[in-house]
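# Residue-level structural notes
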Amino acid sequence: RITGPAEEGVEWKTAGWKHENQVWTTAFSSDGSLLLTGGFDGRIFVCRTGELTSPLTLVHKPADDDVRTDSRFSNVLCAAFVQNPENPSQMAVASGAGDGMNRVWRLATSEELAADLSLQLKGHREDIYAICAFQSGGLVRIVTAGKDKNTTIWDPTRLWDPDATLSPAERVQEALSLQEYHTGPIRAVAYSPETNAILTAGADGRAILYPAPVMAE
């Protein structure tokens with residue numbers, strides 16, 4: 001649930017839902033209209049900031065060819081909102097989990113929150129600890145990093161194709177770029193639109209700043 005401290009003169013809201021295990025990640029959409037929480041129960045809850053009831057539930061299921069049964073592989077370790085650069089009202093939710101798989105859900109543009117299309121992003125081999133989305137030159141990319149020491153970049157553009165009816169095979173996408181600069185797990189990743197640079201922080205005691213790949217259609 002979402003709660004606030006008892007502070008005089010401040011009105012706090014309590015969500016009408018609760019994760020069944022640790023809540024590990026939270027995020028707001030860029031305009032502040034939506035929020036999400038993700039946890040070790042394999043679920044992401046998405047709701048409007050002013051309406052903390054009846055959230056949209058996204059379930060981080062293992063890939064079809066993943067035979068691992070340990071529940072930790074479904075742990076949601078990071079999540080973020082992604083915005084369509086051509087239509088800012090269209091958003092998606094991207095997540096990373098203990099199975100090394102990123103998932104992206106397109107949110108339907110309707111009064112009721114719903115997810116109507118999803119992608120699986122393959123490239124990591126182990127837990128994904130960090131995620132962020134950025135826009136540059138009218139394009140959008142997702143950056144992820146994790147336990148395997150890799151930073152990967154993805155293109156979620158096909159989510160917003162108005163004619164997209166993707167087959168199961170087409171919903172699995174490989175990384176555009178993969179960088180391995182750290183010698184230990186990567187705990188955080190950020191992007192600077194002013195300098196078009198990616199900054200990563202690792203368990204090897206280093207923070208590394210490097211140019212993001214040039215984005216092209």
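Residues numbered from 1 in each chain as written. Predicted model: local features only at pLDDT ≥ 70, side-chain atom pairs only at ≥ 80, totals over all residues. Heavy atoms only, no water.

### Considerations on the sheet that holds strand β13 (residues 177-179)
The following threshold applies: In this description, strands pair whenever DSSP reports at least two bridges between them. Each helix is a run of H or I in the DSSP string that is no shorter than four residues. Each strand is a run of E no shorter than two, and both are numbered from the N terminus. Lines fitted to C-alpha atoms define the axes, with helix axes restricted to the stretch in contact, and inter-axis angles between N-to-C directions lie between 0 and 180 degrees.
Strand order in this open sheet of 4 strands is β9-β10-β11-β13, and the pairing throughout is antiparallel. Strands with a single pairing partner mark the edges of an open sheet, and in this sheet they are β9 (128-136) and β13. Neighbour to neighbour, the strand axes of the sheet diverge by 20 degrees on average, direction disregarded. Here β9 pairs with strand β10 (residues 139-146) via 8 bridges, running antiparallel.

### Considering the nonpolar core
Operational definition: Residues grouped as a nonpolar core are buried Ala, Val, Leu, Ile, Met, Phe, Trp, Tyr and Cys residues, joined through side-chain atoms within 4.5 Å. Classification of residues uses two cut-offs on accessible area relative to the type maximum, computed with a 1.4 Å probe and protein chains only: under 20% is buried, over 50% is exposed, and between them is partly exposed. Contact definition: two residues touch when any of their heavy atoms are within 4.5 Å.
Val82, Val104, Ile142 and Leu159 are the most contacted members of the largest nonpolar core, which has 16 residues in total. With residues near it in sequence (within four places) discarded, isoleucine 142 still touches Val82, Ala94, Val104, Leu121, Ile131, Cys132, Ala133, Thr152, Ile153, Trp154 and Pro156. Listed in part, the 15 residues of the second largest apolar core include Ile44, Val46, Met91 and Trp105.

### Looking at the environment of glycine 123
Tracing the chain through its elements places glycine 123 in the loop between β8 (115-122) and β9. Note on glycine 123: relative accessible area 29%, which makes it partly exposed. The spatial distance from the C-alpha of glycine 123 to the C-alpha of leucine 178 is 8.1 Å, given a sequence separation of 55 residues. Excluding residues within four positions of it along the chain, glycine 123 makes contact with Asp148, Trp154 and Leu178.

### Topic: unusual backbone geometry
Its identity as a non-glycine residue notwithstanding, lysine 149 has a phi of 75 degrees, on the positive side. In this fold, lysine 149 is placed in the loop between β10 and β11 (151-154). Even without a glycine there, the phi angle at asparagine 196 is positive, about 50 degrees. Structurally, asparagine 196 can be placed in the loop between β14 (186-192) and β15 (197-202). Given a relative accessible area of 23%, asparagine 196 falls into the partly exposed group.

### Examining the pattern of salt bridges
Should their charged atoms come close, side chains of opposite charge can pair. Selection criterion: The term salt bridge refers to a side-chain nitrogen of Lys or Arg lying within 4 Å of a carboxyl oxygen of Asp or Glu.
Enumeration over the complete set of coordinates arrives at 5 salt bridges. Put simply, arginine 103 and aspartate 99 hold a salt bridge, and the shortest N to O gap is 3.4 Å. Comparing arginine 103 with aspartate 99, the two get one shared label, buried. The shortest N-O distance in the salt bridge between arginine 206 and aspartate 204 comes to 3.3 Å. Taking relative accessible area as the criterion, arginine 206 reaches 37% and is therefore assigned partly exposed. For aspartate 204, a relative accessible area of 23% puts it in the partly exposed group. Ionic contacts of the salt-bridge type, sharing partners, join the residues Glu20, Asp41 and Arg43 into one network.

### What to know about the sheet that holds strand β4 (residues 56-59)
The 4 strands are arranged β1-β2-β3-β4 in an open sheet whose pairing can be described as antiparallel. With one partner strand each, in any of the chains shown, β1 (23-28) and β4 form the two edges of the open sheet. The average angle at which neighbouring strand axes cross in this sheet is 20 degrees, direction not considered. In the sheet, strand β3 (residues 43-48) pairs with β4 via 4 bridges, with the strands oriented antiparallel. Its bridge partner lying in β4, isoleucine 44 is registered against leucine 58.

Shape is all these values report; function is a separate question.
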